[in-house]
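# Structural characterization, general
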Amino acid sequence: MIPALSTENLRRKADLSALRFESTAELAPIDGLLGQGRAADALQLGTRIGAPGFNLFVIGSTGASIDRAVKDLLHEKAAAQPLPSDWVYVNNFADPRTPRAIELPPGRGVELRDAVKDLIDDLGVALPAAFESQDYQARRGAIDEKFQHRQEEALNALRQEGAGRGVALARTPFGFALAPMKDGAVMKPDAINALAEDERNALQNVMSEFEKKLEALLQSIPRWDKERRDEVRLLDRETARYAVGHAIDEMKARFADLPRVLEHLEAVRSDLLANVGVFIVQAARRETGEESEIAAGALERYAINVLVSQPKDAQGAPVVEELHPTIGNLLGRVEHESQQGVLVTNFRHIKAGALHRANGGYLMLDALAVLSEYYSWVALKRVLKSGRIRIESLGDLLSLTSTVSLEPEPIPLNIKVVLYGDRWLYYLLQFYDPGLSQHFKVVADFEDELSRSPEGEAMFARLVAALAAREKLKPLDRAAVARVIEEAARLAEDAHKLTLLTDSVRDLLTEADFLSSEAQRALTTAADVDRAARERVRRAARLSERVQESIQRDIALIDTAGSRVGQINGLSVFELGGFMFGRPTRLTVRVRPGSGRVVDIEREVKLGGPIHSKGVLILSGFISGRYALDVPMSLAASIVFEQSYGGVEGDSASCAELAALLSALADAPLRQDLAITGSINQHGQVQAIGGVNAKIEGFFDICNARGLTGTQGALIPASNVQHLMLRADVIDACAAGRFAVYAINDIDEAIALLAGVAAGSRDADGKFPPDSVNGRVEAQLHAFARVQQQAKAAEGRQEPV
């Protein structure tokens, strides 16, 4: 008989002998990525290599806090890198729809913006003053007087000529008029009619001649006025050039090391000279207390839109994490404003995106969030491929709007993009999108577990200290740290591993700290950690309690005493909302002569998954390979999970199914106070399964509720012993001899425990002992074969009807 496992095998206690401390306040917090050597190497490569496409995709399990770990590393790397450039957008005076981007040294974008603002403010005062000066007024008056004099001279000459030939030129409210004149007075119509016909004809010819001359004169006046305006404009430009030139030259000297800025200042100079009237209008409005929105808007064309600027106290490259990566938040956007019911925009409404803010540094993105936003993934790949940030809107891409927008000049991209997400997302994306490997060539795969050596436990203790310090929790005493380490092994479902899914550890520490504070303790103790762990289970245990209640009330039929043929307690595990619990399940088998088919009822009704069905098919291979060597396989068997109304998946019940099948064939009752879990192969070896702790505890809870008898226990694969981290109450019961856990290597060991009869081995003649389980199984299969042969013989002798 196989002995029960000792309590030392049921739970591995923490060993903190490598550290001397009384509380975590005395421990140096862990610095760096604990147990992540491979991922750290990948991150080092990805952050140091500058070749195109070597961006990072960081993958790990949910709850590993990989984003926080990566962010800390990136901040460390970025601190040693130079500050990136500032970027500003300025008006393109030649084509306002295509604003120009200018790169500036770090911090000088704000300097340029303020300098230009001061320039425009100064010119708002200096230019009106220049045009109000006596010199300007005198020169302007001379130009106007010249025009007036020229006009009057022409009119006087025409008037004098007309007076000599009997034609009067008069100015009326409606313009100029010609009239015949005699003896210095305008002739009346009666006097004109009294003239002889030849005299009237001569007068009419003279009048026609002078009408043409007057018309020619009047047509010349607009031309003279244009010449006047041209002279005024030239005067204005000369006056403005004098006022503007000095200020612009001072600015150019200030930014002499920036050719693009100098080029823009020259464009500003030219535009100022061409639009100097705007300043005059604005000054006039200001004097009357009426600000002109049109003039103010015209002045803003000279402003500087600082897209990205590095703060004065900034050090190193930026590390930006965009939590809402819409296409606008990634690439930037052009905003609009409503003016008189019309949406308008200009270069001042260009807003930076995450790519702009992170340019020259690192951009962190949640891969699932990027894929969840329409077009963001496509836009990100396009930017990485082109190496330029071109602002695009979703409305423009889909032609959803007809609003006139801008096409800002693209900005060169120099960035390291870091995507992070679950492993399944990375592998799925890699399968469906070949572009992933083109742009994200470096994969950093975070480990979920840390090897539980003394050195590993010491490092994990320092990790606990770091988590407590980061979350501003009270220090934990030595026993509490040991209890956290044991809980970390339990979360890893492996006595030789510690979970690196720090979210769960952090939550446990936070709850324990709360309980410690309620008890007014200065340190968090092991009792606080233990209570926090139990309370977390209790809060999520409603469904498991209902399952146990249904078993205790005999609604779900589970026997924990006696023996039954073809019936066994299998152990199942359920996981809902991150909470895992185990429960026993009755499994029954019926056998009869047949064609060699083992019927899995779960599969027949489409409740069994492919892995479960594979496990059942393996049973047929084992039975035929061990017992039906010289006779046809003449077995018909049906296997079912009783009172199972949902899907069944996994092969961890295949050992229980085989034991029940052998019990039915050998007519050997199996103990119902034992439950079994394990996967079986075609050679009868028992293989490891998952959730072993929850499965044992699920059966223990049922037995404990009914009363422990001292004979109850669970059978598990020997290869799962290394995973055992059982609850304290289970270990106490095992230590007191009221419950037991057995480790089995093969089906023969399981049958010996379950049936209380040796399984039996073949002797030198290749025969099983007749009283052994294997011997009885083989005999039964031979009997089934004879029945089948007799049935076929009878069918052959039967004459057709």
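Throughout this document, residue positions are counted from 1 along each chain, in the order its sequence is written. Reporting of local features is limited, given that this is a predicted model, to residues whose pLDDT is at least 70; pairs of side-chain atoms are given and counted only at 80 or more, and all residues count toward the totals for whole chains, interfaces and linings. Neither water nor hydrogens contribute to the side-chain values; these are computed over all heavy atoms in the structure.

### What to know about the overall build of the protein
A count of helices and strands for the protein gives 29 helices and 30 strands. Computation of the radius of gyration draws on C-alpha atoms alone. For the globule rule, the value is 2.2 Å times the number of residues to the power 0.38. Computed over C-alpha atoms, the radius of gyration of the protein comes to 48 Å, more than 25% over the 28 Å expected from 2.2 N^0.38 for 801 residues, which places it beyond the range of a compact globule. Summary of the burial criterion: residues with accessible area below 20% of their type's maximum are buried, those above 50% are exposed, and those between are partly exposed, where the area comes from a 1.4 Å probe applied to protein chains only. Taken over 801 residues, the protein has a buried fraction of 47%. Computed with the Shrake-Rupley method and a 1.4 Å probe, the accessible areas treat only the protein chains shown as cover for residues. Of the roughly 39,700 Å² of accessible surface on the protein, 51% is carried by carbon and sulfur atoms. When the 93 basic and 110 acidic side-chain charges of the protein are each reduced to a single mean position, those positions are 2 Å apart. In this text, helices come from DSSP runs of H or I with a minimum length of four residues, and strands from runs of E with a minimum of two, each type numbered from the N-terminal end. In summary, the charge assignment counts Lys and Arg as positive and Asp and Glu as negative, without counting His or the chain termini. Where a charge sits is defined by one atom per residue type, namely NZ (Lys), CZ (Arg), CG (Asp) or CD (Glu).

### Digging into the state of the cysteines
Covalent bonding between the sulfur atoms of two cysteines defines a disulfide. In this description, the term disulfide denotes a pair of cysteine sulfurs within 2.5 Å. What the rule picks out here adds up to 0 disulfides. Cys 655 takes part in no disulfide bond, and the closest cysteine sulfur to it belongs to Cys 703, at a distance of 18 Å. The buried category is assigned to Cys 655, whose relative accessible area is 0%. With no disulfide of its own, Cys 734 has Cys 703 as its nearest cysteine by sulfur position, at a separation of 11 Å.

### Description of the sheet that holds strand β5 (residues 175-182)
The strands that make up a sheet are held in pairs by hydrogen bonds between backbone atoms, and each pair lies either parallel or antiparallel. Ordered by their spatial adjacency, 3 strands build an open sheet running β4-β5-β6, and the pairing between neighbours is antiparallel. Either end of the sheet is taken by a strand with one partner, and the two such strands are β4 (167-172) and β6 (185-186). Whether two strands pair depends on DSSP finding at least two bridges between them. The pairing of β4 with β5 spans 6 bridges and is classified as antiparallel. Paired with Leu 169 across the two strands is Leu 178, which belongs to β5. Note on contacts: a residue pair qualifies if any of its non-hydrogen atoms lie within 4.5 Å across the two residues. Structural elements are reduced to axes, namely lines fitted to C-alpha atoms, with helices fitted over the stretch in contact, and the angle between N-to-C directions of any two is expressed from 0 to 180 degrees. Contacts between helix α7 (residues 197-254) and the sheet are confined to β4 and β5, with β5 contributing the most and set at about 155° to the helix.

### Side note on the sheet that holds strand β2 (residues 86-90)
If you trace the 3 strands from one edge of the open sheet to the other, you get β3-β2-β7, paired in antiparallel fashion. Each having just a single partner strand, β3 (100-104) and β7 (305-308) make up the two edges of the open sheet. This sheet shows a mean twist of 30° between the axes of neighbouring strands, independent of strand direction. Sheet analysis places β2 next to β3, joined by 5 bridges and oriented antiparallel. Looking at the pairing, Tyr 89 lines up with Ala 101 of β3. Contacting β2 and β3, helix α8 (residues 259-274) runs over the sheet at an angle of about 135° to β3.

### Things to note about the side chain of Asp 433
Relative to the helices and strands, Asp 433 resides in the loop between α16 (423-432) and α17 (435-439). On the basis of relative accessibility, which here comes to 12%, the residue Asp 433 falls in the buried class. Of note is the side chain of Asp 433, whose polar atom sits 2.9 Å from the backbone nitrogen of Gly 435. Setting aside chain neighbours within four positions, we find Asp 433 in contact with Trp 377 and Lys 381. What qualifies as a polar contact is a pair of N or O atoms within 3.5 Å, subject to a donor-acceptor requirement within protein and to the restriction that residues adjacent in sequence count only when both atoms come from side chains.

### Comments concerning the packing of aromatic side chains
Two rings belonging to Phe, Tyr or Trp (six-membered ring only in the last case) form a pair when the distance between their centres is within 6.5 Å. Interplanar angles under 30 degrees mark stacking, angles over 60 mark edge-to-face geometry, and anything in between is tilted. In this structure the tally under the stated criterion is 13 aromatic pairs. Judged by centre distance (6.1 Å) and plane angle (20°), the ring pair of Trp 377 and Phe 440 falls under stacked. Of the two residues, Trp 377 sits in helix α14 (residues 376-386) while Phe 440 sits in the loop between α17 and β17 (442-445), which places them 63 residues apart along the sequence. As far as burial versus exposure is concerned, Trp 377 and Phe 440 are alike and both buried.

### A short note on the nonpolar core
Judged by nonpolar contacts, the single largest core of 50 residues is most densely connected at Ile 568, Ile 623, Leu 635, Ile 676, Leu 715, Ile 747 and Leu 754. If you list the elements that add at least two residues to this core, you get β22 (579-593), α24 (610-626), β24 (635-641), α25 (654-666), β26 (674-676), β30 (740-744), α28 (747-755) and α29 (773-797). It is α25 that contributes the most residues to this core, 10 residues altogether. Among all residues touching Ile 676, those that are not within four sequence positions of it are Ile 568, Asn 569, Gly 570, Leu 571, Cys 655, Ala 656, Leu 715, Ile 744, Ala 750 and Leu 754. What we call a nonpolar core is a set of buried Ala, Val, Leu, Ile, Met, Phe, Trp, Tyr and Cys residues that are connected through their side-chain atoms within 4.5 Å.

### Let's talk about helix α5 (residues 134-164)
To estimate the expected span of a helix, subtract one from its residue number and multiply by 1.5 Å. In this model, α5 (31 residues) spans 43 Å end to end at C-alpha, consistent with the 45 Å of a helix rising 1.5 Å per residue. One or two positions beyond α5, positive phi appears at Gly 166, with a value near 85°.

### A word on the pattern of salt bridges
Between Lys or Arg on one side and Asp or Glu on the other, a salt bridge is scored when a side-chain nitrogen of the former is within 4 Å of a carboxyl oxygen of the latter. For the coordinates displayed, the defined rule picks out 52 salt bridges. Measuring nitrogen to oxygen at the nearest pair gives 2.9 Å for the salt bridge that ties Arg 108 to Asp 257. Residue Arg 108 is located in helix α4 (residues 108-131), and its partner Asp 257 is located in the loop between α7 and α8; the two are separated by 149 residues in the primary sequence. Looking at Arg 108, the relative accessible area reads 15%, which means it is buried. The residue Arg 382 makes a salt bridge to Glu 392 at a minimum N-O spacing of 3.0 Å. With Arg 382 in helix α14 and Glu 392 in the loop between β14 (388-389) and α15 (394-397), this pair connects stretches of sequence that are 10 residues apart. Within the structure, one salt-bridge network assembled from shared partners comprises Arg 490, Glu 697, Asp 701, Arg 727 and Asp 729.

### A word on a nonpolar patch on the surface
A patch consists of residues whose relative accessible area exceeds 30% and which take part in no salt bridge; residues with like charges are grouped when within 9 Å of each other, and nonpolar side chains (Val, Leu, Ile, Met, Phe, Trp, Tyr) when within 5 Å. Taken together, Leu 368, Trp 424, Leu 428, Phe 431 and Tyr 432 make up a surface patch of nonpolar side chains, about 640 Å² in accessible area. With 4 residues, the top contributor of residues to the nonpolar patch is α16. Position of Tyr 432 relative to the elements: it lies in helix α16.

### Section: unusual backbone geometry
In this structure, Tyr 375 takes a positive phi of about 70° despite not being glycine. Relative to the assigned elements, Tyr 375 resides in the loop between α13 (367-372) and α14. For Tyr 375, a relative accessible area of 30% puts it in the partly exposed group. Even without being a glycine, Asp 667 presents a positive backbone phi close to 55°. As for its placement among the helices and strands, Asp 667 is situated in the loop between α25 and β25 (670-671).

### Here's the deal with α14
Within the sequence span of α14, burial applies to Ser 376, Trp 377, Ala 379, Leu 380, Val 383 and Leu 384. Each buried residue of α14 lies within a common arc of 165° when the element is viewed along its axis, so the set occupies one face. One or two steps after α14, the chain reaches Gly 387, where phi turns positive at roughly 75°. The arc in question is formed by the directions pointing from the helix axis toward the C-beta atoms.

### Considering the packing of helix α20 (residues 502-518) against helix α21 (residues 526-539)
Contact pair α20 / α21: the axes reach a minimum separation of 8 Å and the direction vectors enclose 115°. The orientation of α20 relative to α21 falls into the category roughly perpendicular. Considering the relative orientation of α20 and α21, their crossing is right-handed. Contact residues: Ser 504, Asp 507, Leu 508, Glu 511, Ala 512, Leu 515 and Ser 516 in α20; Asp 528, Val 529, Arg 531, Ala 532, Ala 533, Arg 536 and Arg 539 in α21. Oblique is the label for any angle not under 35 degrees, not over 145, and not in the 65 to 115 range, which are roughly parallel, roughly antiparallel and roughly perpendicular in turn. Helix crossings fall into two classes, left-handed where the near helix is turned counterclockwise from the far one by less than a right angle and right-handed where it is turned clockwise.

### With respect to the environment of Arg 108
For the pair Arg 108 and Ser 451, spaced 343 residues apart in the sequence, the C-alpha separation amounts to 51 Å. Apart from the residues lying within four places of it in its own chain, the contact partners of Arg 108 are Asp 86, Arg 254, Phe 255, Asp 257 and Leu 258. Within polar-contact distance, the side chain of Arg 108 engages the side chain of Glu 111 at 3.3 Å. At a separation of 2.9 Å, a polar atom in the side chain of Arg 108 contacts the side chain of Asp 257.

### Structural notes on the packing of α7 against α8
Relative to each other, α7 and α8 sit at 160°, their axes nearing to 9 Å. On the basis of the axis angle, α7 is roughly antiparallel to α8. Relative to α8, α7 is oriented so that their crossing is right-handed. Here Arg 237, Ala 240, Arg 241, Val 244, Gly 245, Ile 248, Asp 249, Met 251 and Lys 252 of α7 lie close against α8, whose contacting residues are Leu 262, Leu 265, Glu 266, Val 268, Arg 269, Leu 272, Leu 273 and Ala 274. The class makeup of the residues in the contact of α7 with α8 is 10 nonpolar, 1 polar and 6 charged. All residues other than Ala, Val, Leu, Ile, Met, Phe, Trp, Tyr, Cys, Pro, Asp, Glu, Lys and Arg, Gly among them, are scored as polar; the first ten of these are nonpolar and the last four charged.

### Focus on the pairing of strand β29 (residues 713-717)
β29 sits mainly inside the fold: 5 of its 5 residues count as buried. Here β26 runs beside β29; their pairing, made up of 3 bridges, is parallel. Bridging across to β29, Leu 674 finds its partner in Gly 713. Pairing of β29 with β30 involves 5 bridges; the strand directions are parallel. What sits directly across from Leu 715, in β30, is Tyr 742.

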